[in-house]
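# Coordinate analysis (summary)
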Amino acid sequence: MTFIKATKQLGLSSDSPLTIGGLELSRPETAHAFFEGHPDAIFFFTLEGEIVHFNQNLPKIIGYPADALYQSFHTFTDPDELPEIERQFKRAVAGETVHYQARALHRLGYPLTLALTNMPIYQDGEIVGVYGIARDVTEDIQMKEHIEEIRFQLELTEQIPEIVLFHYDPETQSVERSSSLGTFLGIPPHLLSELSREQLLARIHPDDVVSFHREILRIVVGDISHYECEIRILNASSEYQLLLMKAARRKDPGSSARISVVLYDLTEVRKARHELESERQQAKEIYEALDAAISQLDLTTGEILFHSPGFKNIFETLPDDMLIGGDFLSERIDPRDLARVAAFAESLRDGKGGTITYRLRFPDGRIKWVEDKQIPVLDAEGTLLYTNSIMHDVTLREEYAQRLHHLAMHDPLTGIPNRTHATETLEKWIAEKRRFSVVTVAFNRITEINDAFGHDTGDEWIRQTSLLLERIRREDVFLAQLGGDEYVMFVPTKSTVDIRHCAELLVSLGEQPIPIDSYSLFARVSVGVSSHPENGSEPALLMKHAYTALRRSKREDKSSYHLYASNLDIDLYRRYQLEQDLHYAIEREQLFLEFQPKVDGFTGTIIGSEALIRWQHPEWGRIPPNDFIPLAEESALHLSIGDWVVDTACKTLASWQAAGVRTVPVSVNVSPKRFLQPDFDCFVSQTLKKHGLEPNQLELEITEATLVSEDPHVSQMLERLSALGVRIALDDFGKGYSSMAYLQRFPIDVVKIDRQFATHIATDRKANAIVKSILYMAREFDLMVVAEGIETYDQLAAFCRLNCPGIQGFLFSRPVAPNVFCQFLAREVLHPIEACSLAADQVPSFSIAARITLQSLNERPVEIGSSDIKIHQTSTTKLFFSTEALLPIEAGSFEVVVPTKQDDIRCSVRVTSKDGDLYEASYMSEYDADRLMRHFQRLPYE
């Protein structure tokens, strides 16, 4: 294409000139001569890289005819250079002027180095093409590289003084020597020119001279063109030095042949060879002594390409054809590991190395653990050639690890799984979606046995109880030890009947003696049960629920079991909070005393009183003593609370005296543990003095259990208290271990007949006879007698007929506040009022089942389970219901859920009071009250 046509093809219009490097081509016909006469190759590109015009120099440089160049520059570009050339071209298209070098290919195939310049061509401010200039700099580059090579060789020769160079002319038999030859031979420079051929040969070791002379002659006659060998020559120190000799015959045009000889010092090479040989020998010794199995394996064929002696030591036998693929490995690898080994082999084929541990099984039943590290070797294309393997026998390590795992997962005393093992098994069973129950079992005697007989006997107790459970355990039941004589069992179940049968079987273990050394001991077996998935799907939650049920069983005085129910959560939460808050009950003034009168059964005259502790909890309302006294006994709180009761009772008695009324002795219940404290008598004495009371105005009540242990400290403390003048009363007499010897051996002043006799005194002839004997004995010992629990006229009449002097019970009065009791003292006489129990027709005959959930306590959110309730009555503001769970009064908000045939009715309430088992609650929403009342109204018609 002509220059003018090319410029028109590139232009966007025929009116505007093209601009190259800031110069306008306003008259292309004039510029044509400039481009054609340019000494370099000139060419024009479209934006797509197509050549549309070039001058005559481009075909001359690259050897292609002109008609072959009207296409892309890819035609004559070295393929390896294309990415860089395209990058530079794009820069020019983007508006830059770029200078760079690139290789091109001449039409005859040899490479050219071109110095290139690319410039954008503009028209009306837009880029319409690319202008290129190329200059052949191949010869310049080659000349530069040749000069650099010569310079490098000179520098190399100067830097390596070990090189010795000389030339030998066969025709003249002359030697052209370098100065380095004289230095090596120890000949001064002025004598080096006189060195003859014979003198040079004489320097060669006799064993090397013959072969050297023979090969040099072969070069001289032209049989060979070059020769290389190791040779020993006497050096300047008169020692034979090992050298590498390279000789070559060179014939320059117009001259005779000349032999050039170069000698290299091999001293370091020899040393390196010696060290290498030594290292090879050491490696061989180590290699042969290693227990590890080293091998190369072709995974495609299964062929062993190479193996060390240790390889056979591991496998013990190898196939004759050295192919370990197929049946050979599959028969030896433990079936449990085959899938993992196959997956590992696939990763090796993908070029991923790694380490795997697996088991080899031998015909005699032996198991051998091996650790196999495989390193894949790939070719240039990434294809697996073979793998290098380092294999170790790790049987001892794995067996040791298994023993450690067994020790970590089993109790060392019993050998059965421990808590950690139980947790892992529980997680596994839950993941497998099994239906099962978690059964916790406690034999409840380990602490007692350790204290009474020692820890060796305690250990034997644990072993025997675990064996007892092992004997009755089904094969599909998991058994583990939780600690001490407490265990857990995971029992697969299909129904509640199954687990109840299992729990009853465990409870029956309490009926059979357990032989321990020379003893036969019985246990009170407690069982707690939670079920999966009904009671949760989390291991910790299931264990917690089972243990919650177990704690409920432990509170009973006999062997028993409990299935988990959500109301246990409320009871447990309540017990936990009471235990925490009891520590602060005194300082927060939540504890107070009520007083129940003791009267003369014939006249009603008040003859004494009993101080009874009460706890008004801000959230749970009034707490019965039976709930918090055991909590105090479990800690040291019983000491401080007991002393508070004594001090408060004396303070109240002093206030009555100050009021001017006739006072009577006040009795206080004292914890058995308080009598073991050596300072108790001092505390009582100081308290009496502080409040200005006579000792006989204070009566301390103890239980028969305090005396059963016959601890000498208890006996001594009772004697010291009696010596102070304080009265001692024996409470609940006849309930348990009653013995006349107690009345003889201890300073007892008052006997209180247990309330169980009052219940049956009017109808039971045996109860009547026992009470009669107690009263007779008391008169003989000059003891005061008080009958507890008198609630009816018939009971009072029966005790009066037996001449019982003291009466205490609801018939005369319930426990009352101190100010009310002070009014009683002012009157001096109380009249009997028979207690009214709820008549049969007063018991709610109508009720519906529902659930109640505690949602907040003192405005704090609470997340615990729900409890069953029975709703008996509702109004527009109040809800009346009963439940076995104990609920906080006024402090909590609840959600009540009433199931219906349609949607469940949910309402929010606050419990306001409790009368017996009946709770009263207020609705927190009129809408909730209206919905529930409408539901009640529809019930008779559904």
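Cut-offs used in this document
Residues numbered from 1 in each chain as written. Predicted model: local features only at pLDDT ≥ 70, side-chain atom pairs only at ≥ 80, totals over all residues. Heavy atoms only, no water. Helix = DSSP H or I, 4+ residues; strand = E, 2+ residues; numbered from the N terminus. Areas by Shrake-Rupley, 256 points an atom, 1.4 Å probe, with all protein chains shown as cover. Axes fitted to C-alpha atoms, helices over the stretch in contact; angles between N-to-C directions. Left-handed = near helix turned anticlockwise from the far one by under 90°. Contact = heavy atoms within 4.5 Å. Nonpolar A, V, L, I, M, F, W, Y, C, P; charged D, E, K, R; others polar. Pairing = 2+ DSSP bridges. Polar contact = N/O pair within 3.5 Å; in protein donor to acceptor, adjacent residues only side chain to side chain. Salt bridge = Lys/Arg side-chain N within 4 Å of Asp/Glu carboxyl O. Buried < 20%, exposed > 50% of the residue type's maximum accessible area, 1.4 Å probe, protein only. Phe/Tyr/Trp six-rings, centres within 6.5 Å; stacked < 30°, edge-to-face > 60°. Lys NZ or Arg CZ within 6 Å of the ring centre and 35° of its normal. Core = buried A, V, L, I, M, F, W, Y, C linked by side-chain atoms within 4.5 Å. Expected span 1.5 Å × (residues − 1). Arc of directions from axis to C-beta. pLDDT = per-residue confidence, 0-100.

In terms of helices and strands, the chain carries 31 helices and 40 strands. About 50,800 Å² of surface is accessible on the chain, with carbon and sulfur atoms providing 52% of the total.

Let us now look at the packing of helix 16 (residues 446–453) against helix 17 (residues 455–472). Running from N to C, helix 16 and helix 17 cross one another at 145°; their axes reach a closest spacing of 7 Å. For helix 16 against helix 17, the interelement crossing comes out right-handed. Residues I446, I449, N450 and F453 of helix 16 form the contact with helix 17, whose own contacting residues are H455, T457, G458, W461 and I462. In terms of residue class, the contact of helix 16 with helix 17 is built from 5 nonpolar, 4 polar and no charged.

What follows concerns the sheet that holds strand 23 (residues 526–532). With respect to topology, 5 strands assemble into an open sheet ordered 19-20-18-23-24, the strand pairing being mixed. The open sheet terminates on both sides in strands that have one partner only, identified here as strand 19 (478–483) and strand 24 (560–563). Taking each pair of neighbouring strands and ignoring which way they run, the sheet shows an average axis angle of 20°. Examined bridge by bridge, strand 18 (residues 436–442) and strand 23 share 7 bridges and lie antiparallel to one another. Paired with T440 across the two strands is G528, which belongs to strand 23.

Next up on the list: the side chain of E895. Along the chain, the position of E895 falls in strand 38 (residues 892–898). Among the polar contacts listed, one links the side chain of E895 to the side chain of R906, at a separation of 3.4 Å. Residue contacts for E895: discarding those within four places in its chain leaves R851, I852, T853, Q855, R906 and C907.

Enumeration over the complete set of coordinates arrives at 37 salt bridges. Put simply, K598 and E701 hold a salt bridge, and the shortest N to O gap is 3.7 Å. One end of the pair, K598, is in strand 25 (residues 591–600); the other, E701, is in strand 29 (residues 698–703), and 103 residues separate them in sequence. Each of the two residues, K598 as well as E701, counts as buried. The buried category is assigned to E701, whose relative accessible area is 1%. In this structure, a network of salt bridges that share partners links the residues K598, E610, E699, E701, R727, K752 and E788.

What follows covers the packing of aromatic side chains. Considering all chains together, one arrives at 15 aromatic pairs under this definition. Seen in terms of ring centroids, F45 and F89 are 5.6 Å apart; in terms of plane orientation they differ by 80°. Their pairing is edge-to-face. Here F89 lies in helix 4 (residues 82–93) and F45 lies in strand 3 (residues 41–45), a separation of 44 residues in the sequence. Each member of the pair F45 and F89 is classed as buried. With 5.5 Å between their ring centres and 15° between their planes, F881 and Y919 make a pair best called stacked. One end of the pair, F881, is in strand 37 (residues 878–882); the other, Y919, is in strand 40 (residues 918–923), and 38 residues separate them in sequence. The pair formed by F881 and Y919 is uniform in burial state, with each residue classed as buried. In this structure an aromatic cluster arises from ring pairing among W429, F436, F478 and F490. Positioned above the aromatic ring of F810 is the side chain of R814, whose terminal nitrogen or guanidinium carbon lies 4.4 Å from the ring centre.

Time to look at the nonpolar core. Counting residues in hydrophobic clusters, the biggest one holds 109 residues, and the most contacted among them are F799, I871, F881 and V896. Looking at this core, the element that brings in the most residues is helix 22 (residues 637–659), giving 10 residues. Among residues more than four places away in sequence, those in contact with F799 are I753, A758, I761, V771, A787, I790, C804 and I807. Counting 28 residues, the second-largest nonpolar core is a separate cluster that includes W461, V491, A503 and L521.

Here we come to helix 25 (residues 712–724). Each full turn of the α-helix corresponds to 3.6 residues, which orients residues three or four apart in the same direction. With 13 residues, helix 25 extends 19 Å from end C-alpha to end C-alpha; this agrees with the ideal 18 Å at 1.5 Å per step. Buried within helix 25 we find V714, M717, L718 and L721. All buried residues of helix 25 fall inside an arc of 100° around its axis, so they share one side. Positive backbone phi, at 105°, marks G725, one or two positions downstream of helix 25.

This next bit is on the pairing of strand 6 (residues 111–123). Among the 13 residues in strand 6, 10 count as buried, and that is most of the element. In this sheet, strand 6 lies alongside strand 1 (residues 18–20) in antiparallel orientation, the contact comprising 2 bridges. When the sheet's bridge partners are listed, T19 is paired in strand 6 with Y122. Examined bridge by bridge, strand 5 (residues 98–105) and strand 6 share 8 bridges and lie antiparallel to one another. Bridged to V98 within strand 6 is N118.

Within the chain, residue pLDDT values average 80, and 84% of them lie at 70 or more. Across the chain, the secondary-structure element scoring lowest on mean pLDDT is helix 5 (residues 138–159), at 57, and the one scoring highest is strand 28 (residues 666–669), at 94. Under a pLDDT of 50 for its full length, residues 152–162 has, in the predicted model, 3 contacts with residues more than four places off or in other chains. Scored below 50 in pLDDT, residues 835–845 shows 4 contacts in the model against residues more than four places distant or in partner chains.

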